[in-house]
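Breakdown of the fold
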Amino acid sequence: MKRRQVLRAIVGGGIGLLAGCSSNGNEGYATMQDLSFVNPQSTPVPAELRIERTDTDEVVHTETRELTVDPDWIVVDCVWPDAPLTVMARHEDGEWNSFDTKDRDGCVSVIAKVRDQRASFYVHKAECPIDDPNCHSD
């Protein structure tokens, strides 16, 4: 994705954060449609990702990646269930930061931005349902 597309996603995310998402039929959580890592720096960044089911604390995915320099970014394969999730990211030497889908409803796209021992999340409204019905499992 090009820098302009990332900026559009972030701006759209701000609007989505203010406006909220429409319901997707799930009680008490949003369905995560996609997840991406981005490195806004000019040097590579080692990053860790962890996804847990919020309702069971089951770890559904972990991975460590070397994020190359901007504008390169990584789309994480759909490896999570359609359930309430806690998405955690961090610079390999930093502290975890997290986003909980139980704090939203509808469908969301998530961008994890990792830099200088910090991670932050940009969340925006997404189309429901995801195009690939094989992506989410229960």
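This section reports on the structure supplied with the text. Keep in mind the model is a prediction, meaning the values are calculated, not measured. (Residues numbered from 1 in each chain as written. Predicted model: local features only at pLDDT ≥ 70, side-chain atom pairs only at ≥ 80, totals over all residues. Heavy atoms only, no water.)

Our focus in this paragraph is the sheet that holds strand β3 (residues 59-67). Note: strands within a sheet are paired through backbone hydrogen bonds, in either parallel or antiparallel orientation. Judged by pairing direction, the sheet is antiparallel, and its 4 strands sit side by side in the order β3-β2-β5-β6 without closing on themselves. Strands with a single pairing partner mark the edges of an open sheet, and in this sheet they are β3 and β6 (97-100). The mean inter-strand angle of the sheet, taken between neighbouring strand axes irrespective of direction, is 15 degrees. Relative to strand β5 (residues 85-91), strand β2 (residues 45-53) runs antiparallel, the two being bridged by 7 bridges. Note that in β5 the partner of E48 across the bridge is R90. (Pairing = 2+ DSSP bridges. Helix = DSSP H or I, 4+ residues; strand = E, 2+ residues; numbered from the N terminus. Axes fitted to C-alpha atoms, helices over the stretch in contact; angles between N-to-C directions.)

Right, let's get into the side chain of E63. Inspection of the secondary structure puts E63 in strand β3. Side-chain polar atoms of E63 contact the side chain of H61, separated by 2.5 Å. Leaving out residues up to four positions away in the same chain, E63 has contacts with A47, E48, L49 and V76. (Polar contact = N/O pair within 3.5 Å; in protein donor to acceptor, adjacent residues only side chain to side chain. Contact = heavy atoms within 4.5 Å.)

What follows concerns unusual backbone geometry. Outside of glycine, negative phi angles account for most residues, and trans bonds account for most peptide bonds. Although it is not a glycine, D57 adopts a positive phi angle of roughly 65 degrees. Inspection of the secondary structure puts D57 in the loop between β2 and β3. A relative accessible area of 56% means that D57 is categorised as exposed. (Buried < 20%, exposed > 50% of the residue type's maximum accessible area, 1.4 Å probe, protein only.)

This brings us to the pattern of salt bridges. All told, the structure shown has 5 salt bridges when counted by the stated rule. As a salt-bridge pair, R53 and D55 come within 2.9 Å of each other at their nearest N and O atoms. A relative accessible area of 45% means that D55 is categorised as partly exposed. Notably, a salt bridge pairs E63 with R65, separated by 2.5 Å at the nearest N-O pair. (Salt bridge = Lys/Arg side-chain N within 4 Å of Asp/Glu carboxyl O.)

Moving on: the pairing of β5. Of all the 7 residues making up β5, 7 are buried; the element is thus mostly covered by neighbouring parts of the structure. Because side chains alternate across β5, one face comprises the buried residues L85, V87, A89 and H91, and the other comprises T86, M88 and R90, equally buried. Pairing between β5 and β6: 4 bridges, direction antiparallel. What sits directly across from V87, in β6, is F99. What sits between the antiparallel neighbours β5 and β6 is a turn of 5 residues.

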